[in-house]
Amino acid sequence: MELSDKGKPLTDILQNIEGFIGYSENNFPKLHKGKSRSLILTELEDRLKIDLDYSSGKVLGAMTTPPHDFARYIYSKFIDRNLGDRGLNPGTAAIEKEVIEMLGNLLGDPYVDGNITSGGTEANIIAMLLAKQNNLDIKEPSIVIPDSAHYSFDKAAILMGLKVKRAKLLSNYHLDFDHYESLIDDNTIALVGILGTSALGLIDPIEKIGKLAGKYNKYFHVDAAFGGLVVPFMEELGYDFPPYNLKVPEICSYTVDPHKMGMSVNPSGSLLVKDSNVNSFKFEIPYLAGGAFPSYNILGTRPGASAISFWGLMQFMGKQGFVENVRHSLENTYYLKDQIEEIPELKIATEPTMNVLGIQMSSKANMSLDRFNSLLRQKGWALGVFKQWNLLRVVLMPHIKKSHLAEFLKDVKAIF
Ligand code: 0PR
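Residues numbered from 1 in each chain as written. Predicted model: local features only at pLDDT ≥ 70, side-chain atom pairs only at ≥ 80, totals over all residues. Heavy atoms only, no water.

For clarity, the threshold we go by: UniProt positions are given in the numbering used here, feature names are shortened, and annotations may be inferred rather than shown by experiment.
The name that an unreviewed UniProt entry assigns to the chain is Tyrosine decarboxylase MfnA, with the source organism given as Promethearchaeum syntrophicum. A UniProt comment under Sequence similarities (unreviewed entry) is attached to the chain, and it reads "Belongs to the group II decarboxylase family. Sphingosine-1-phosphate lyase subfamily." UniProt's Cofactor (unreviewed entry) comment on the chain is quoted here verbatim: "pyridoxal 5'-phosphate".

The structure is reproduced here in structure tokens:
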């Protein structure tokens, strides 16, 4: 604020600030029922048209997909349920517990504790908090994560003052296990493994990392935000995987997100925790209207409807429904992979493990990845960009159809 501004109304001062985009009565409408519902809805529909629409098939690089209709319906019906005050919502709390048990059951241990979270980020942050609380004697705590780990671990590290040690990847983008082991020392409070990396959907050697956790006596967290609701269904389709689930005895906690391949509403993540680790951190708020229920969620008020929707969706879709979704996504993945391999200027980054595909420029391309991506964006295609590995990410989510891929390939071929 300038000295000369002293005494002027705040609105006048703000208007003169460069880049100020508006502060008027319009921003918080004065009139109750000033506009009709239909007028407001029309305005919203009009203004939100610029948001990308999943049905166009152009959202090719996100891990999100439109939630199942039934999950949307349940969510809006029970939108007022608050799991931050469980005593007021005992029905919702019981359903949350059942969701955790069902996920535990799918992933090899129905006796896990846990909570629905706002997503993988919150679940990963809580896991690191549990690890930290398990190791309060360590004064300069660090975590060992694969270089492919999600940014949520960096956020956790910033919040909790943890040092992050990143293990290198090999040339095929899988974890360099020897380097990973070499990073473990007395200050390590947690080892992290990933089931479905953000960039390429790859799987870390969960059982081998578990053995390290046993050998060095460390907390072991698995981030299966994406793969937790893919891999069990791939197994049903006959794919084989080395041990990856809660049956690996050294695993302490496990992130699984219903709002990714679980087809549920945003926000819906979950953290499954093996019993003995839960009590290292539970926060109790003594004054709640419904009574004190200790919890380790980061959020206070949190949407009970997330738990209720996924409970309903699991009952409705059954395992078979999820398996069919995954089958569809994998068929598209292999179709796109084969087609990309036919284009001389492009190559795939590595063999896909699940429904995520990395696309790179081959040595025959006379164009940078940046240029290729911006030409695709001009045509409306939204792919993920991982500059550190020179790759574009396609996530073959359930909303992607073969016809979308055919359109995409047509546009790609027109570029070269
Ligand atoms: N773990 C893995 C392996 C993930 O891929 C993601 C999300 C998370 C955890 C975090 O999940 P939430 O977004 O539910 O918190 N990855 C998404 C993606 O790669 C979305 C994303 C990306 C979210 C970047 C945050 C972000 O900063 O598309």
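1. Some details on the domain arrangement of the chain
Many analyses report the size of an interface as the accessible area lost when the parts associate. Heads up, the condition is: The start and end points of each domain follow an automatic or database-based domain assignment.
Domain assignment breaks the chain into domain 1 (10-41), domain 2 (55-65 + 324-415) and domain 3 (69-316). Averaged C-alpha coordinates put domain 1 and domain 3 at centres separated by 41 Å.

2. Overview of the UniProt feature "modified residue: N6-(pyridoxal phosphate)lysine" (unreviewed entry) in the chain
Applicable threshold: Only protein chains enter the accessibility calculation, which uses a 1.4 Å probe; a residue whose area is less than 20% of its type maximum is buried, one above 50% is exposed, and one in between is partly exposed. The criterion used for residue contact is that any of the two residues' heavy atoms lie within 4.5 Å.
The feature "modified residue: N6-(pyridoxal phosphate)lysine" (unreviewed entry), as annotated in UniProt, sits at Lys 260 in this numbering. Its relative accessible area of 15% is what places Lys 260 among the buried residues. Ignoring sequence-local partners within four residues, the contact set of Lys 260 consists of Met 63, Thr 65, Gly 120, Ala 225, Phe 226 and Met 397.

3. Details of the sheet that holds strand β2 (residues 142-146)
Stated formally: For two strands to count as paired, DSSP must find a minimum of two bridges between them. Every helix listed is a DSSP run of H or I at least four residues long, and every strand listed is a run of E at least two residues long, numbered separately from the N terminus. Interaxial angles span 0 to 180 degrees and are taken between N-to-C directions of axes, which are lines fitted to C-alpha atoms, for helices over the stretch in contact.
Taken in spatial order, the 7 strands of this open sheet run β1-β7-β6-β5-β4-β2-β3, and their pairing is mixed. At either end of the open sheet lies a strand with only one pairing partner, and these are β1 (113-117) and β3 (163-167). Across the sheet, the axes of successive neighbouring strands diverge by a mean angle of 20 degrees, strand direction being ignored. Where β2 meets β3, 5 bridges bridge the pair, whose relative direction is parallel. Across the sheet, Ser 142 pairs through a bridge with Lys 163, a residue of β3. Against the sheet, helix α4 (residues 90-106) contacts β1 and β7 (269-273), and its axis sits at roughly 110 degrees relative to β1. Together, β1, β2, β4 (188-194), β5 (219-223), β6 (253-255) and β7 form the strand contacts of helix α5 (residues 120-133), whose direction differs from that of β5 by roughly 175 degrees.

4. A short note on the packing of α5 against helix α6 (residues 152-160)
The condition is simple: Here is the rule for angles: anything less than 35 degrees is roughly parallel, anything more than 145 is roughly antiparallel, 65 through 115 is roughly perpendicular, and the remaining ranges are oblique. Helix crossings get a hand from a simple test, with the near helix turned counterclockwise from the far one by less than a right angle marking a left-handed crossing and a clockwise turn marking a right-handed one.
Running from N to C, α5 and α6 point in directions that differ by 45 degrees, and their axes come no closer than 9 Å. If you check the angle between α5 and α6, you find them oblique. Relative to α6, the crossing made by α5 is right-handed. Along its contact with α5, which presents Thr 121, Asn 124, Ile 125, Met 128, Leu 129 and Lys 132, the element α6 presents Ser 152, Phe 153, Lys 155, Ala 156, Leu 159 and Met 160.

5. Observations regarding the pattern of salt bridges
Note the following rule: For this analysis, a salt bridge means a side-chain nitrogen from Lys or Arg found within 4 Å of a carboxyl oxygen belonging to Asp or Glu.
Using the criterion set out here, one finds 16 salt bridges in the structure. We note a salt bridge from Asp 80 to Arg 81, for which the minimum N-O separation is 2.7 Å. One connected set of salt bridges, linked through shared partners, spans Asp 147, Asp 154 and Arg 166.

6. What to know about the pairing of β4
As a reminder, the rule being used: A right-handed crossover is one whose linking path, passing over the helix from the first strand to the second, runs clockwise when the strands point away from the viewer.
The element β4 is extensively covered by neighbouring structure, given that 7 of its 7 residues are classed as buried. In this sheet, β5 lies alongside β4 in parallel orientation, the contact comprising 5 bridges. Within the sheet, the bridge partner assigned to Gly 193 lies in β5 and is Val 222. A crossover connection joins β4 to the parallel β5 through helix α8 (residues 206-216); in handedness this β-α-β unit is right-handed.

7. Re the layout of surface pockets
This is how it is decided: Two kinds of site are reported from a 1 Å grid over the protein atoms alone, namely cavities, where a 1.4 Å probe fits but cannot get out, and pockets, open sets with protein on both sides within 12 Å along at least five of seven lines, and residues are called lining when an atom falls within 4 Å of a point. Grid points are joined across faces, edges and corners, and a volume is the space filled by probe spheres set on the points. Here the term charged refers only to Asp, Glu, Lys and Arg, the term nonpolar to Ala, Val, Leu, Ile, Met, Phe, Trp, Tyr, Cys and Pro, and the term polar to all other amino acids, Gly among them.
There is about 300 Å³ of room inside the second largest pocket. Partitioned by chemical class, the residues of the lining of the second largest pocket number 11 nonpolar, 6 polar and 2 charged.

8. Topic: the site of the ligand
Stated formally: Neighbouring residues are identified by heavy atoms, a residue being near a molecule or strand if any of them is within 4 Å of it. Whenever a nitrogen or oxygen atom comes within 3.5 Å of another N or O atom, the pair is scored as a polar contact, on the condition that within protein one atom can donate a hydrogen and the other can accept it, and that pairs from neighbouring residues in sequence are kept only if both atoms are in side chains. Surface accessibility follows the Shrake-Rupley procedure with a 1.4 Å probe radius. Residue values consider only the protein chains on display as shielding.
Taken together, 14 residues surround the ligand, and among them Thr 121, Ser 198, Asp 223, His 259 and Arg 393 come closest. Here Ser 198 contributes a side-chain N or O atom positioned 2.7 Å from an oxygen atom of the ligand. Burial of the ligand by the protein amounts to 74% of the accessible area it has alone, namely 560 Å². The biggest single contributor to the shell around the ligand is α5, with 3 residues. In terms of residue class, the shell around the ligand is built from 2 nonpolar, 8 polar and 4 charged.

9. Some remarks on unusual backbone geometry
The omega torsion across Asn 266 and Pro 267 is 0 degrees, close enough to zero to call that bond cis. Among the secondary structure elements, Pro 267 is positioned in the loop between β6 and β7. Phi is positive for Tyr 173, which is not a glycine, with a value near 70 degrees. Judged by its relative accessible area of 15%, Tyr 173 falls in the buried class. Positive phi is not limited to glycine here, since Met 263 has a value of about 65 degrees. Position of Met 263 relative to the elements: it lies in the loop between β6 and β7. Residue class for Met 263 comes out buried when judged on its relative accessible area of 9%.

10. Considering the nonpolar core
Here is the rule: Here, nonpolar core refers to any group of buried Ala, Val, Leu, Ile, Met, Phe, Trp, Tyr and Cys residues whose side-chain atoms link them within 4.5 Å.
Counting residues in hydrophobic clusters, the biggest one holds 62 residues, and the most contacted among them are Leu 191, Phe 226, Tyr 254 and Leu 272. Secondary-structure elements contributing two or more residues to this core are α3 (69-77), α4, α7 (177-182), α8, β5, α9 (231-236) and α11 (304-341). A per-element tally of this core places α11 first, with 11 residues. Residue assignment places this core across two domains, with domain 2 (55-65 + 324-415) and domain 3 (69-316) each supplying three or more. Ranked by size, the runner-up nonpolar core spans 27 residues in total, among them Leu 130, Ala 157, Val 192 and Tyr 219.

11. Details of a nonpolar patch on the surface
This is how it is decided: Grouping into patches uses exposed residues only, defined as over 30% relative accessible area, and leaves out salt-bridged ones; the cut-off is 9 Å for like charges and 5 Å for nonpolar side chains (Val, Leu, Ile, Met, Phe, Trp, Tyr).
On the surface, Ile 40, Leu 41, Leu 44 and Leu 48 cluster together into a nonpolar patch covering about 360 Å² of accessible area. When you line up the elements, Leu 48 lands in the loop between α2 (37-47) and α3.

12. Description of the sheet that holds strand β9 (residues 356-361)
If you walk across this open sheet you meet the 4 strands as β8-β9-β11-β10, and the pairing is antiparallel. Each end of this open sheet is capped by a strand with a single partner; those strands are β8 (346-348) and β10 (384-386). Averaged over all pairs of adjacent strands, the angle between strand axes in this sheet comes to 35 degrees, irrespective of strand direction. Bridge count for β9 against strand β11 (residues 391-395) is 4 bridges, and the pairing is antiparallel.

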